[in-house]
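Coordinate analysis (summary)
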Amino acid sequence: MHRTGIRRFHLARDVEEALSLLSAYGGGGALLAGGVDLLRGPPGQVEGMIDITGIGLSQVGEARGGLAVGATTTLTEILKNPAASAYVGGILCEVLRQVAVPPLRNMATLGGALVSAHPWGDIPTSLVALGAEVRWRGEREGKAPAEELYRGEFRGLFRSAVATEILFPPWNGAFAYEKIGRARYDIALLNSCCGVGIRDGVVAWARVAVGARPDRGERLPWAEQALVGQKPRESLWGEIQDLVQGQVEVGDDRRAGAVWRRHTAGVLVRRALIRAAEKAGR
Amino acid sequence: MKVTFNLNGGPQYLDVEPGEPLLWLLRQLGMKSVKEGCATGDCGACTVLVDGRAVRSCLMLAPQIQGKKVLTLEGLGTVDDPHPLQKAFLDSGAVQCGFCTPGMVLVAYELLLGNDNPTRDEVAEAISGNLCRCTGYVKIVDAVLLAAQWKREGRWR
Ligand SMILES: Cc1cc2nc3c(=O)[nH]c(=O)nc-3n(C[C@H](O)[C@H](O)[C@H](O)COP(=O)(O)OP(=O)(O)OC[C@H]3O[C@@H](n4cnc5c(N)ncnc54)[C@H](O)[C@@H]3O)c2cc1C
Ligand code: FES
Ligand code: FES
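The residue numbers shown here count from 1 along each chain, following its written sequence. Chain A is the first chain written and ligand 1 is the first ligand written, with later ones labelled in order. Under the rules for a predicted model, residues below a pLDDT of 70 receive no local features and side-chain atom pairs below 80 are neither given nor counted, while totals for whole chains, interfaces and linings still include all residues. Side-chain numbers come from the whole structure's heavy atoms, not from hydrogens or water.

A few words on helix 5 (residues 138-152) of chain B. The secondary structure listing takes helices from DSSP runs of H or I that are at least 4 residues long and strands from runs of E that are at least 2 residues long, numbered from the N terminus. The span one expects for a helix is its residue count, reduced by one, times 1.5 Å. The end-to-end C-alpha separation of helix 5 of chain B is 21 Å, in line with the 21 Å expected for 15 residues at 1.5 Å each. Of the residues trailing helix 5 of chain B, B:G154 is marked for its positive phi of about 85°.

If you want it as C-alpha cells, here you go:
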C-alpha cells in the first residue's frame, strides 16, 4: 500500500462495471475522473480507485437545440469543441477559460466539477445560471436540473451513481460571466453568471446567479423578476446593482469579508448584465 | 499491478503499486527533471506531457498511464544536445535556480506544438499555472517567443 492509502485501481470498461465496483467497495471506493480533486484529498480516504475515463462518456455535441456534454469530457476538450464554442455565444467556453490553468483543464472533467461542487467554483454557478440538467445512472437512471441537485443531498447520490451527461438548454439571448480572484490563476472570491433575452425592446427573460458568496452559486429570482419587462438601459443596471447589494445573502470566510462581498456582488451582476445585454442586442 | 506505457520514446513494462503517484514513479525511473513542489496541483513543477497534453504528475496515479505516451524533459533534449526550446530559455536568461524550468519548458512545448506564432498573452496564459520564485516571468515569456520564432524559421525538431 502506498502513502495515498489506495489499495486497488480499476479501469472500468463501462458504466455497469463502474457501478458494480462502487457497490462492491461499500463506502471505500471512489470514481476517478480527472483526479484533480480526488488525488488532492487527504490520504487514506479511498481504498479502491475506479477510473471512469474509458467508459464512453467523453463527448460533446448539439442536443435538442442546446448542448450535451459527457461527464468525463475534460475542460480542454470542451474548449476545443466547435459546438461548445458556439453554444449561446460561447458562454460555456468563456467560463471554462477562467477555470484553473491549462494543465489542470487538460485533466479536470465537467462531471468531476459538477460533483465536487466547490462553493467557490466557477462551474456550479454557471450550471445553475444556464439551467443545466444532469443525467446519471445508479440503481436507476435519473435526471434533474443541477440547481435542484444542489439543493438536496447530491453527494450521497453520487456515492452510488455515475453522472453521465450534462445537458445545456438553448437560450434565445446571451450570457456573460464575471469572476474576481486575487490573480488570474486563483479561485473566485466572488463570481456571477447572468443572462438576458430581449424581445420588442424589453427584457423577456433574465437569469442572475452569484457564487462564492462564500456559499455555492445560486440564482437570485427577485433580481430576475425585477429585470423582466424593463427596457435595457444604463439606469436599469444601476437599479439591479442596488437591489443585489441590498438583498444578496453573503458571508465572511478567510478569503473575503461579507461587506466586500455584498458590494462587489452588485458590481459583478451589473457588469455581467451589461455585457449580456450588449451581446443579446447584436 | 502491471503497466505498459511509452516513456520518452521507449517502451516500459513495469510493476507499480495501485496508489503510486505518477510523479514518484517517474523519479524512481531516473526522471529527475520531474519535481515535487507542492503535491497539490498548484505549482506546476511536476508537469509532464501525457499523449501530448501537459498534466500534473502529482495528481495522477501510475496506473492511469496504461497505454499512454509520457514525455518528460529528459525526452526533449540533453545537456550536450538541448532542444531549441531549452536553448531559447538559456539564451534569454530565463533560468535561475531551475526548479520550475522543466515544467515551464513542457507547458511551452505543448503550446508551440499547436501554435508557432503565439502572442505574449497566449504565452502568459500557457505558463500561468507554473510558479517561478526567482526568474520572474518576463524572460520566460521572451524565451518562449524566441523559440516560436525559431520554430517558424524551421530551427526546430
Ligand atoms: C490548483 C487548482 C486550481 C483550481 N482552480 C479552479 C478554478 O479556478 N475554478 C474552478 O471552478 N475550479 C477550480 N479547481 C477545481 C477543479 O477544477 C474541479 O473541481 C475539477 O474540475 C474536478 O474535476 P475532476 O474530473 O478532476 O474530478 P475528480 O477529482 O476526478 O473527482 C471529484 C469528485 O467527483 C466524483 N466524480 C467524478 N466524476 C464523477 C461522475 N461522472 N459521476 C459521479 N461522481 C464523479 C469523484 O468520485 C470525486 O468525489 C481547481 C483545482 C485545483 C487543484
Ligand atoms: S508538485 Fe504537482 S503541481 Fe506542484
Ligand atoms: S528559476 Fe527558480 S523557480 Fe523558476
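In this section: the packing of helix 3 (residues 101-114) of chain B against helix 5 of chain B. Residue and element names in this part refer to chain B. At a minimum axis separation of 11 Å, helix 3 and helix 5 run at an interaxial angle of 40°. If you check the angle between helix 3 and helix 5, you find them oblique. Along this stretch, helix 3 crosses helix 5, giving a crossing that reads as right-handed. Along the contact surface, helix 3 presents M104, A108, L111, L112 and L113, while helix 5 presents I140, V144, A147, A148 and K151. Within the contact of helix 3 with helix 5, the residues separate by chemical class into nine nonpolar, no polar and one charged. Axis lines are fitted to C-alpha atoms, over the contacting stretch for helices. Their N-to-C directions set the angle, which ranges from 0 to 180 degrees. Any angle that falls under 35 degrees is termed roughly parallel, while one over 145 is termed roughly antiparallel, one within 65 to 115 roughly perpendicular, and all others oblique. A clockwise turn of the near helix away from the far one marks a right-handed crossing, whereas an anticlockwise turn of less than a right angle marks a left-handed crossing. We call two residues in contact whenever any of their non-hydrogen atoms come within 4.5 Å of each other. Polarity classes work like this: nonpolar for Ala, Val, Leu, Ile, Met, Phe, Trp, Tyr, Cys and Pro, charged for Asp, Glu, Lys and Arg, and polar for all others, with Gly in that last group.

Bringing the packing of helix 2 (residues 84-91) of chain B against helix 5 of chain B into the picture now. Residues and elements named next belong to chain B. One can describe the packing of helix 2 onto helix 5 by two numbers: an axis separation of 8 Å at closest approach and a directional angle of 135°. On the basis of the axis angle, helix 2 is oblique to helix 5. Considering how the two elements wind past one another, helix 2 and helix 5 form a crossing that is right-handed. Seen from helix 2, the contacting residues are P84, L85, K87, A88, F89 and D91; seen from helix 5, they are I140, A143, V144, L146, A147 and W150. Here the residues of the contact of helix 2 with helix 5 are counted per class, giving ten nonpolar, no polar and two charged.

Counting residues at the interface gives 30 residues for chain B, matched by 29 residues for chain A. Salt bridges are defined as contacts in which a side-chain nitrogen from Lys or Arg sits within 4 Å of a carboxyl oxygen from Asp or Glu. In this structure, the connection of chain B to chain A is made through two salt bridges. The partner of B:E125 in a salt bridge is A:R105, with the nearest N and O atoms 2.7 Å apart. Those elements that place two or more of their residues in the side of chain B that touches chain A are strand 4 (53-56), helix 3 and helix 4 (120-126) of chain B. A breakdown of the residues in the side of chain B that touches chain A according to their chemical character gives 15 nonpolar, six polar and nine charged.

Next up on the list: unusual backbone geometry. All names here are of chain A. That bond from R213 to P214 is cis: its omega, 15°, falls within 30 degrees of zero. Turning to its location among the elements, P214 is positioned in the loop between strand 11 (202-211) and strand 12 (218-219). With a phi angle near 50°, A100 is a residue other than glycine that sits in the positive phi range. Residue placement: A100 occurs in the loop between helix 4 (91-96) and helix 5 (102-107). Of note in the backbone geometry, A212 takes a positive phi value of approximately 60° without being a glycine. The residue A212 is located in the loop between strand 11 and strand 12 in this model.

Another aspect to go through is the site of ligand 1. Here a residue is near a molecule or strand as soon as one of its heavy atoms is found within 4 Å of it. In the vicinity of ligand 1, 35 residues are found, and the nearest of them are A:L31, A:D37, A:L38, A:T109 and A:D122. Ligand 1 sits at a junction of chains, with neighbouring residues supplied by chains A and B. Distance and chemistry together define a polar contact, namely a pair of N or O atoms within 3.5 Å, with one atom able to donate a hydrogen and the other to accept it when in protein, and with adjacent residues in sequence counting only for side-chain atoms on both sides. At 2.8 Å from an oxygen atom of ligand 1 is found a main-chain nitrogen or oxygen belonging to A:L38. In this structure, an oxygen atom belonging to ligand 1 sits 2.6 Å away from a side-chain N or O atom of A:T109. In the complex, the protein chains occlude 93% of the 990 Å² of accessible area that ligand 1 would expose alone. At the level of elements, helix 6 (110-116), helix 7 (122-129) and strand 8 (162-168) of chain A are the ones that each hand at least two residues to the shell around ligand 1. The method behind every accessible area is Shrake-Rupley, applied with a 1.4 Å probe, and residues are considered shielded solely by the protein chains displayed.

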